[in-house]
Amino acid sequence: MTYSDVLLHIDGKWRGSSSGRSIRVFDPATEDAIGTVAHADKTDLDEALAAASKGFKTWRAVAPFDRAKVMRKAAALVRERSATIAWLLVKEQGKTLVEALAETATSADIIEWFAEEGRRTYGRLIPPRAQGIYQIAYKEPVGPVAAFSPWNFPINLTVRKLSAALAAGCSIIVKAAEETPASPAELIRAFVDAGVPTGVINLVYGEPSEISEHLIPHPVIRKISFTGSTSVGKKLAAMAGLHMKRVTMELGGHAPAILFEDADVDSSVKALITAKYRNAGQVCMSPTRFLVQGGVYDKFVEKFVDAASSLKVGSGLDKDTQMGPLANERRIIAISDMVQDATSKGARVSTGGHRIGNKGHFFEPTVVIDVPKEARGMNEEPFGPLALISPFSTFDDVVTEANRLPFGLASYAFTNSIKTATAIASALESGMVAINSAILGLPETPFGGVQDSGYGSEGGTEAMDGYLNTKFVSQTGM
């Protein structure tokens with residue numbers, strides 16, 4: 001397989017930027033340039049806006065039943081092309097091939113789920129106060145969407161926005177990540193080849209701030225969906241608010257993973273090792289603050305450290321690799337700084353803590369124990385292969401620590417007590433809570449956070465709400 005230069009998709013055509021500009025793309029495992037992606041300028045963005053406006057008029061008129069047919073065909077094409085898409089994803093993002101194949105397969109599932117959900121955007125008949133009156137409330141697509149997706153899950157986090165928009169009858173402009181452009185481009189190619197009409201889906205890359213500042217205020221755009229950092233999300237939400245635009249924000253997290261003394265330590269370690277080091281820890285709902293009750297603290301630390309230190313790190317294309325490189329040099333610097341800061345405040349590194357080699361963005365799976373809450377990593381999202389473990393004594397103590405930060409995307413807890421499980425699920429200020437597992441984010445379940453982790457959902461029936469308006473019609477004398 002080869003990595004080809006990535007083009008824009010505007011008004012049904014794959015093409016370069018009108019200015020001829022492009023951005024280089026690098027393989028995080030080697031740091032070698034592997035291709036380029038077209039850099040859209042304002043002329044390209046205006047063409048995409050015009051196409052989305054035209055495409056919306058076409059697509060909203062397509063019956064939900066027929067939209068679903070096209071989307072199911074797109075899902076089938078994603079599955080047929082999964083080997084190629086996954087390979088591209090590994091080359092540009094770094095995750096293991098197993099993870100890339102799983103992301104591709106899950107994306108096809110998401111498309112199918114939304115295809116069917118779009119057929120169930122029911123309205124209702126409201127009983128009138130007098131005869132001869134019919135009161136009807138029904139759903140309509142909100143309009144053209146501007147969607148911004150990140151580099152850590154370039155297919156999965158694009159397909160959630162794309163599928164919900166299309167199922168609702170909206171057109172869309174996708175601004176995918178410049179660091180990982182090929183895999184989302186192939187996702188969109190599957191929709192185009194499945195028969196989505198011209199102008200309904202548009203794909204651009206370029207300078208993120210320039211694109212957001214042009215698209216979000218534009219009168220064509222009626223809805224914004226963004227996945228990324230809390231700091232950027234707040235800026236985009238403020239911009240959207242100035243223009244009364246509907247917004248879904250899936251932002252940063254800092255997930256507590258709580259282990260009570262009555263939990264099964266072995267099964268907890270197995271679940272949390274997978275969740276922590278998946279995609280080298282570059283996951284918004286990755287467990288980051290491990291809070292372990294005193295009676296099992298030493299046992300958990302020993303088993304978790306043994307499991308982390310045994311992980312094989314290498315190229316994602318190597319079949320034996322269990323954790324690939326970080327996506328870019330920025331993450332190497334950030335994780336190194338957090339480790340150094342934690343140790344300067346009294347924490348201890350039990351395994352890892354260093355970059356691996358001097359070529360490629362490889363970093364050791366790292367465990368730091370006895371971490372004080374003042375450490376930088378306990379307050380800022382690590383977004384890397386860094387597990388921070390601290391002890392706690394009582395239920396109230398751990399709830400206070402878990403809810404101390406303004407983030408509320410995901411939380412995890414492990415206990416064999418139904419009473420404790422019920423109490424902790426209720427007490428955690430988080431949009432998603434997993435008890436005795438680390439499985440979240442299925443197509444049919446809500447996916448989103450609270451507080452500084454954003455608002456709105458990108459999963460479950462709730463995900464459709466942000467792409468639909470409710471219209472009320474009262475008919476009299478008929």
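Notes on the structure follow. (Residues numbered from 1 in each chain as written. Predicted model: local features only at pLDDT ≥ 70, side-chain atom pairs only at ≥ 80, totals over all residues. Heavy atoms only, no water.)

The number of helices and strands found in the protein is 14 helices and 22 strands. The C-alpha atoms of the protein give 23 Å as radius of gyration, which agrees with the globular expectation for 478 residues (23 Å, within 12%). For the C-alpha atoms alone, the extent of the protein along its principal axes is close to 75 × 60 × 40 Å. Of all 478 residues assigned to the protein, the portion counted as buried reaches 57%. (Helix = DSSP H or I, 4+ residues; strand = E, 2+ residues; numbered from the N terminus. Rg over C-alpha atoms; globule rule 2.2 N^0.38 Å. Buried < 20%, exposed > 50% of the residue type's maximum accessible area, 1.4 Å probe, protein only.)

It is worth spelling out the nonpolar core at this point. Ranked by size, the top nonpolar core spans 83 residues in total, and within it Phe 114, Phe 191 and Ile 201 carry the most contacts. Leave out the neighbours within four places in its chain, and Phe 191 touches Met 71, Ala 74, Ile 111, Leu 162, Ser 163, Leu 166, Val 196 and Ile 201. Judged by nonpolar contacts, the second largest core, of 53 residues, contains Leu 272, Ile 273, Met 285 and Val 301. (Core = buried A, V, L, I, M, F, W, Y, C linked by side-chain atoms within 4.5 Å. Contact = heavy atoms within 4.5 Å.)

This part takes up the environment of Thr 274. Mapped onto the fold, Thr 274 is located in helix 9 (residues 265-277). Since its relative accessible area comes to 52%, Thr 274 is described here as exposed. Measuring from C-alpha to C-alpha, the distance between Thr 274 and Ser 286 comes to 9.7 Å, with twelve residues separating the pair along the chain.

This part covers the environment of Phe 226. As for its placement among the helices and strands, Phe 226 is situated in strand 10 (residues 223-227). For the pair Phe 226 and Leu 251, spaced 25 residues apart in the sequence, the C-alpha separation amounts to 7.9 Å. Once residues within four sequence positions are removed from consideration, Phe 226 is found in contact with Phe 148, Lys 161, Val 232, Gly 233, Leu 236, Thr 248, Met 249, Glu 250 and Leu 251.

In total, this model carries eight aromatic pairs according to the counting rule given. Measuring from centroid to centroid gives 5.7 Å for Trp 151 and Phe 383, while their planes differ by 80°, and the two rings are edge-to-face. Residue Trp 151 is located in the loop between strand 7 (145-148) and helix 5 (156-168), and its partner Phe 383 is located in the loop between strand 15 (366-369) and strand 16 (386-392); the two are separated by 232 residues in the primary sequence. Taking the centre distance of 6.0 Å and the plane angle of 15° together, the rings of Phe 260 and Phe 395 count as stacked. Taken together, the residues span a long stretch of sequence, with Phe 260 in the loop between strand 12 (255-259) and helix 9 and Phe 395 in helix 12 (residues 395-402) at a distance of 135 residues. Residue Phe 260 is classed as buried on the basis of its relative accessible area, which comes to 5%. If you follow Arg 160 out to its NZ or CZ, it ends over the ring of Phe 447, 4.6 Å from the centre. It is Lys 223 that lies over the ring of Tyr 467; its NZ or CZ is 4.7 Å from the centre. (Phe/Tyr/Trp six-rings, centres within 6.5 Å; stacked < 30°, edge-to-face > 60°. Lys NZ or Arg CZ within 6 Å of the ring centre and 35° of its normal.)

With that settled, consider the packing of helix 2 (residues 64-80) against helix 6 (residues 182-194). At a minimum axis separation of 8 Å, helix 2 and helix 6 run at an interaxial angle of 130°. Here helix 2 is positioned oblique relative to helix 6, judged by the angle of their axes. Between helix 2 and helix 6 the crossing geometry is right-handed. Facing helix 2, whose interface residues are Val 70, Met 71, Lys 73, Ala 74, Leu 77 and Val 78, helix 6 presents Leu 187, Ala 190, Phe 191, Asp 193 and Ala 194. In terms of residue class, the contact of helix 2 with helix 6 is made up of nine nonpolar, no polar and two charged. (Axes fitted to C-alpha atoms, helices over the stretch in contact; angles between N-to-C directions. Parallel < 35°, antiparallel > 145°, perpendicular 65-115°, else oblique. Left-handed = near helix turned anticlockwise from the far one by under 90°. Nonpolar A, V, L, I, M, F, W, Y, C, P; charged D, E, K, R; others polar.)

A word on the sheet that holds strand 16. Here we have seven strands laid out as an open sheet, ordered 14-15-16-13-12-18-19, and mixed in their pairing. The outermost strands of the open sheet, each flanked by one partner alone, are strand 14 (348-351) and strand 19 (432-435). Looking at each pair of strands side by side, their axes are set apart by 25° on average, direction ignored. Across the sheet, helix 10 (residues 294-309) lies against strand 12, strand 13 (287-293), strand 14, strand 15 and strand 16, angled at about 140° from strand 13, the strand it touches most. Along the sheet, helix 11 (residues 329-344) contacts strand 14, strand 15 and strand 16; its crossing angle with strand 16, the most-contacted strand, is approximately 30°. (Pairing = 2+ DSSP bridges.)

Another aspect to go through is the pairing of strand 12. Of all five residues in strand 12, five are buried, a share of seventy percent or more. Side chains Ala 255, Ala 257 and Leu 259 of strand 12 all project onto a buried face; the interleaved residues Pro 256 and Ile 258 project onto the opposite face, where all are buried too. Strand direction decides the pairing type here: strand 12 and strand 13, joined by five bridges, are parallel. Counterpart to Ile 258 in the pairing with strand 13 is Leu 291.

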